[in-house]
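Analysis of the macromolecular model
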Amino acid sequence: MSSILRRGLLVAATAAALVLSACGSPAAPAAPATSTAPAPTSTSTSGLTVTDAWVKPADAGMTAVFGTLTATGGPVTVVSAATSASPRTELHEVVMNGGAMTMRPKEGGFVVDPAAAHELKPGGDHVMVMDLASPIRPGDQVRVTFTLAGGGTVEFTALAKETTGGEETYADHAGMNG
Ligand SMILES: [Cu+2]
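Okay, so let's go over this structure.

Definitions and cut-offs
Residues numbered from 1 in each chain as written. Predicted model: local features only at pLDDT ≥ 70, side-chain atom pairs only at ≥ 80, totals over all residues. Heavy atoms only, no water. Core = buried A, V, L, I, M, F, W, Y, C linked by side-chain atoms within 4.5 Å. Buried < 20%, exposed > 50% of the residue type's maximum accessible area, 1.4 Å probe, protein only. Helix = DSSP H or I, 4+ residues; strand = E, 2+ residues; numbered from the N terminus. Contact = heavy atoms within 4.5 Å. Salt bridge = Lys/Arg side-chain N within 4 Å of Asp/Glu carboxyl O. Donors = N, O, S within 2.8 Å, 3.2 Å for Na, K, Ca; no water. Tetrahedral: all angles 85-135°; square planar, octahedral: opposite > 155°, others 65-115°. Phe/Tyr/Trp six-rings, centres within 6.5 Å; stacked < 30°, edge-to-face > 60°. Pairing = 2+ DSSP bridges. Polar contact = N/O pair within 3.5 Å; in protein donor to acceptor, adjacent residues only side chain to side chain.

A short note on the nonpolar core
In terms of nonpolar packing, the biggest core is built from 36 residues, with L48, V50, V65, L69, V78, V127 and F146 touching the most fellow members. At the level of elements, β2 (48–55), β3 (63–71), β4 (76–83), β5 (88–97), β7 (110–112), β9 (126–130), β10 (141–148) and β11 (153–160) are the ones that each hand at least two residues to this core. Those residues in contact with V127 that lie beyond four places of it in its chain are T63, A64, V65, A81, T89, E90, L91, F110, L120 and F146.

What follows is the structure, given as structure tokens:
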């Protein structure tokens with residue numbers, strides 16, 4: 001009896017070791033073949049990582065940069081932004097004002113807490129690019145530089161792509177332009 005039990009335990013332990021070994025395998029999952037986004041950009045010193053950055057194509061006027069901000073150390077505050085697309089860039093938020101969604105400069109900038117990624121997305125916080133110097137077409141790349149509280153900077157590239165479904169709120173607040 002006891003030898004059977006021991007064998008059973010041994011088999012179980014071996015199986016567990018195999019599972020652990022599989023989990024610890026260095027083989028990284030393949031990147032989605034459909035992805036056209038530029039490689040995530042981060043800096044090792046700023047404590048801020050920007051991923052999935054993209055910009056909405058526009059012929060003129062204004063547009064916005066979106067993406068995911070992750071603080072890798074302590075909290076990080078983005079206090080301003082500059083882009084290669086325009087001399088005028090602002091950090092915006094979207095708020096309800098008199099029953100309508102309106103955007104305005106975000107007081108104090110974007111505060112990124114390490115506990116949760118800070119999403120810049122249509123209908124929410126975004127980097128407003130105003131007075132476009134030239135049209136932004138799908139596939140174009142816009143260089144963005146964030147200045148952080150404390151003076152550090154983070155540079156990344158936003159890829160211009162057409163919005164997909166569920167982003168009607170962007171049209172709402174972009175409509176404020178006219
Ligand atoms: Cu805006």
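Description of the pattern of salt bridges
Summed over the entire model, instances satisfying the criterion amount to 7 salt bridges. Between R104 and E93 there is a salt bridge, with its nearest N and O atoms 2.8 Å apart. Of the two residues, R104 is situated in strand β6 (residues 100–105) and E93 in strand β5; the sequence distance between them amounts to 11 residues. For R104, a relative accessible area of 43% gives the class partly exposed. E93 sits in the buried class, given a relative accessible area of 13%.

Concerning the coordination of the copper ion
Taken together, the protein donors to the copper ion comprise H92 (ND1), M103 (SD), H126 (NE2) and M128 (SD), at separations of 2.0 to 2.1 Å. Geometry at the copper ion is tetrahedral, judged from its 4 donor atoms and the angles of 103 to 113 degrees they form at the metal. Spacing between the donor residues of the copper ion along the chain follows H-x10-M-x22-H-x1-M. Of this pair, H92 sits in strand β5 while M128 is found in strand β9, placing the two residues 36 residues apart along the sequence. Here H92 and M128 have matching classes, each one buried.

Some words on the packing of aromatic side chains
Tallied over the entire structure, the rule returns 2 aromatic pairs. Pairing W54 with F66 gives two aromatic rings, centres 4.7 Å apart and planes at 35 degrees, and the pair type is tilted. Of this pair, W54 sits in strand β2 while F66 sits in strand β3, placing them 12 residues apart in sequence. Looking at W54, the relative accessible area reads 10%, which means it is buried. Here F66 falls in the buried class, since its relative accessible area comes to 1%. Taking 4.9 Å as the distance between ring centres and 65 degrees as the angle between the ring planes, the aromatic pair formed by F146 and F156 counts as edge-to-face.

Focus: the pairing of β9
One face of the sheet, then the other: side chains in a regular strand alternate in exactly this way. The buried count for β9 comes to 5 of 5 residues, which makes it a mostly enclosed element. Where burial is concerned, the two faces of β9 agree: the one with H126, M128 and M130 and the one with V127 and V129 are both buried. Where β3 lies against β9, 3 bridges are found, and the strand directions are antiparallel. Bridge assignment links V65 to a residue of β9, and that residue is V127. In this structure, β5 lies alongside β9, joined through 5 bridges in antiparallel fashion. Bridge pairing in β9 links H92 to H126.

Let's talk about the environment of T68
Locating T68 in the fold gives a position in strand β3. For the pair formed by T68 and T51, sequence separation is 17 residues and the distance between their alpha carbons is 5.2 Å. In this structure T68 touches T49, V50, T51, D52, A117, H118 and E119, once residues within four positions along its chain are discounted. Among the polar contacts listed, one links the side chain of T68 to the side chain of E119, at a separation of 2.9 Å.

Looking at the environment of L69
Tracing the backbone through its elements, the reader meets L69 in strand β3. A residue is classified by how much of its surface remains accessible, and L69, at 0% relative accessible area, is buried. With near-sequence residues (within four places) excluded, L69 lies in contact with L48, T49, V50, V78, F110, V112, A117, H118, L120 and F146.

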